[in-house]
Amino acid sequence: MNKKILAGVIVLLILAVGYLGYGLHEAKQANEDMQELAALEKQEMESEYQQFAKQYGEMKSRINNDSIIAQLTREQERTQQLLEELKRTKANDAAEITRLKKELAQVRAVLRSYVLQIDSLNQLNAALAEENSRVRSELEMSNQQNQRLTSSNMSLSEKVAIAAQLNATNIALTPLDKNGKDNKRLKKAKALSVSFAIARNVTATNGNRDLFVRITTPTGEVLPGGGSFPYENRQLAYTMKKTIEYTGQETTVSMVRQENGTLMAGTYNVSIFADGNMIGSKNITFEK
């Protein structure tokens, strides 16, 4: 009788060790996936900071206004400083990454304002040049000036395109009960609602935009949505997709996903993608 009991205990211990090993493997995989996404986001932020710093340098070479050049120099140095801070920051430092992401949005907004300001100055210079050419009645000089203005406008259009990236704000993830009402109790959740706003951006191109929402569970798994999209030379799975018509004004977007199983408590990550860019991300924690 004692031998049978001992054998049973040994079997239970073997099963417990196996279950513990499996759990540790799953946790390790989830942690690696979250670290990979954080590293991708940090890499994209570094690329944007570098691009914006370069654009400030190019804009200075296109104008002859000493006051604006001095302002652009200060903004370029500030952008370079933030880039260096980002390079020194670890990808898993959520607080610092969030701060630098907010700083990046401000850099983008400031750059956009200078693009519009310089565009207005060039348009004014174009009008003065045309008037001068009419007074002189020198057709050849007028044609040369028009060619230079066309080239300048093309360059500014490229800069506007860089500053035209969409920005998702006010990201929310809400469990819904069977009646479609908000319910923070996960065990009663029958659906998940994602809502956010695409910020106003007068430099962005109007038209249809595909928006991809990627929801990561507390274990690092992506809630499936049946497809994937290209991002940073790879394919990422998405949870929900929606096509909107963007007019340049603030646009509110909401999506609902039906849930078949019980949602676990913990921290979820909601990331929004559009035009091959991550335009917003937020961590949201739910309790039991």
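Residues numbered from 1 in each chain as written. Predicted model: local features only at pLDDT ≥ 70, side-chain atom pairs only at ≥ 80, totals over all residues. Heavy atoms only, no water.

Undergrad: Quick question: what am I supposed to make of the overall build of the chain here?
TA: For the chain, the count of helices and strands is four helices and nine strands. Scanning the chain from its N terminus toward the C terminus, one meets helices and strands in the order α-α-α-α-β-β-β-β-β-β-β-β-β. Buried residues in the chain amount to 39% of all 288 residues. In the chain, the share of contacts with a sequence separation of at least 24, taken over all contacts with a separation of at least 6, comes to 68%. Total accessible area computed for the chain in this model is approximately 17,100 Å², and 51% of it derives from carbon and sulfur atoms. (Helix = DSSP H or I, 4+ residues; strand = E, 2+ residues; numbered from the N terminus. Buried < 20%, exposed > 50% of the residue type's maximum accessible area, 1.4 Å probe, protein only. Contact = heavy atoms within 4.5 Å. Areas by Shrake-Rupley, 256 points an atom, 1.4 Å probe, with all protein chains shown as cover.)

Undergrad: Help me understand the pairing of strand E7 (residues 251-258), please; the structure alone is not making it clear to me.
TA: The side chains of a regular strand alternate, first on one face of the sheet and then on the other. Side chains Thr 251, Val 253, Met 255 and Arg 257 of E7 all project onto a buried face; the interleaved residues Thr 252, Ser 254, Val 256 and Gln 258 project onto a face where none is buried. Here strand E2 (residues 191-198) pairs with E7 via eight bridges, running antiparallel. When the sheet's bridge partners are listed, Leu 192 is paired in E7 with Arg 257. (Pairing = 2+ DSSP bridges.)

Undergrad: What is the right way to read the packing of aromatic side chains from this model?
TA: To describe a pair of aromatic rings, you give the distance between the ring centres and the angle between the ring planes. As enumerated under the stated definition, the model contains seven aromatic pairs in all. Geometrically, the ring pair formed by Phe 212 and Tyr 238 is tilted, given 5.2 Å between the ring centres and 55° between the ring planes. Taken together, the residues Phe 212 in strand E3 (residues 207-216) and Tyr 238 in strand E5 (residues 234-238) connect sequence positions 26 residues apart. Accessibility assignment for this pair places Phe 212 and Tyr 238 in one class, buried. Aromatic rings pair up to connect Phe 212, Phe 229, Tyr 231, Tyr 238 and Phe 273 into one cluster. (Phe/Tyr/Trp six-rings, centres within 6.5 Å; stacked < 30°, edge-to-face > 60°.)

Undergrad: Quick question: what am I supposed to make of a nonpolar patch on the surface here?
TA: Together, Leu 6, Ile 10 and Ile 14 give the surface a local cluster of nonpolar side chains, amounting to about 300 Å² of exposed area. With respect to the element layout, Leu 6 can be found in helix H1 (residues 2-60). (Patch = residues over 30% accessible without salt bridge, like charges linked within 9 Å, V, L, I, M, F, W, Y side chains within 5 Å. Salt bridge = Lys/Arg side-chain N within 4 Å of Asp/Glu carboxyl O.)

Undergrad: Got a minute to help me understand helix H2 (residues 66-88) in this structure?
TA: Note: α-helices contain 3.6 residues per turn, so residues at a spacing of three or four share the same orientation. When the terminal C-alpha atoms of H2 are compared, their 33 Å separation across 23 residues agrees well with the 33 Å that a helix rising 1.5 Å per residue should span. Within H2, the full set of buried residues consists of Ile 68, Leu 72, Glu 75, Gln 76, Thr 79, Leu 82, Leu 83, Glu 85 and Leu 86. N-cap assignment for H2: the residue whose side-chain oxygen lies 3.0 Å from the backbone N of Ser 67 is Asn 65. (Expected span 1.5 Å × (residues − 1). Polar contact = N/O pair within 3.5 Å; in protein donor to acceptor, adjacent residues only side chain to side chain.)

Undergrad: Would you mind showing me how to read the environment of Ala 274 here?
TA: With respect to the element layout, Ala 274 can be found in strand E8 (residues 266-274). Spatially, the C-alpha atom of Ala 274 lies 9.7 Å from that of Tyr 231, the residues being 43 residues apart in sequence. Excluding anything up to four places from it in sequence, Ala 274 contacts Leu 166, Asp 210, Leu 211 and Ile 279.

Undergrad: Any chance you could explain the sheet that holds strand E6 (residues 240-246) here in plain terms?
TA: Hydrogen bonding along the main chain pairs the strands of a sheet, whether they run parallel or antiparallel. On the basis of which strands lie adjacent, the open sheet formed by four strands has the order E6-E3-E8-E9 and antiparallel pairing. The outermost strands of the open sheet, each flanked by one partner alone, are E6 and strand E9 (277-286). Adjacent strand axes in the sheet meet at a mean angle of 20°, parallel and antiparallel pairs treated alike. Note: E8 against E9, nine bridges, orientation antiparallel. Bridge assignment links Phe 273 to a residue of E9, and that residue is Met 278. (Axes fitted to C-alpha atoms, helices over the stretch in contact; angles between N-to-C directions.)

Undergrad: Is there a simple way to think about the pattern of salt bridges in this case?
TA: Close approach of charged atoms allows side chains of opposite charge to pair. For the structure on display, the rule yields eight salt bridges. The residue Arg 99 makes a salt bridge to Glu 85 at a minimum N-O spacing of 2.7 Å. In this pair, Arg 99 sits in helix H3 (residues 94-136) while Glu 85 sits in helix H2, placing the two residues 14 residues apart along the sequence. Taking relative accessible area as the criterion, Arg 99 reaches 32% and is therefore assigned partly exposed. Across the pair Arg 99 and Glu 96 runs a salt bridge whose closest N-O atoms are separated by 2.6 Å. In this pair, Arg 99 and Glu 96 are both assigned in helix H3, three residues apart and thus about one turn of the helix distant. Taking the relative accessible area as the measure of exposure, Glu 96 reaches 22% and is therefore partly exposed. Salt bridges sharing partners connect three or more residues here, namely Arg 78, Glu 85, Glu 96, Arg 99 and Glu 103.

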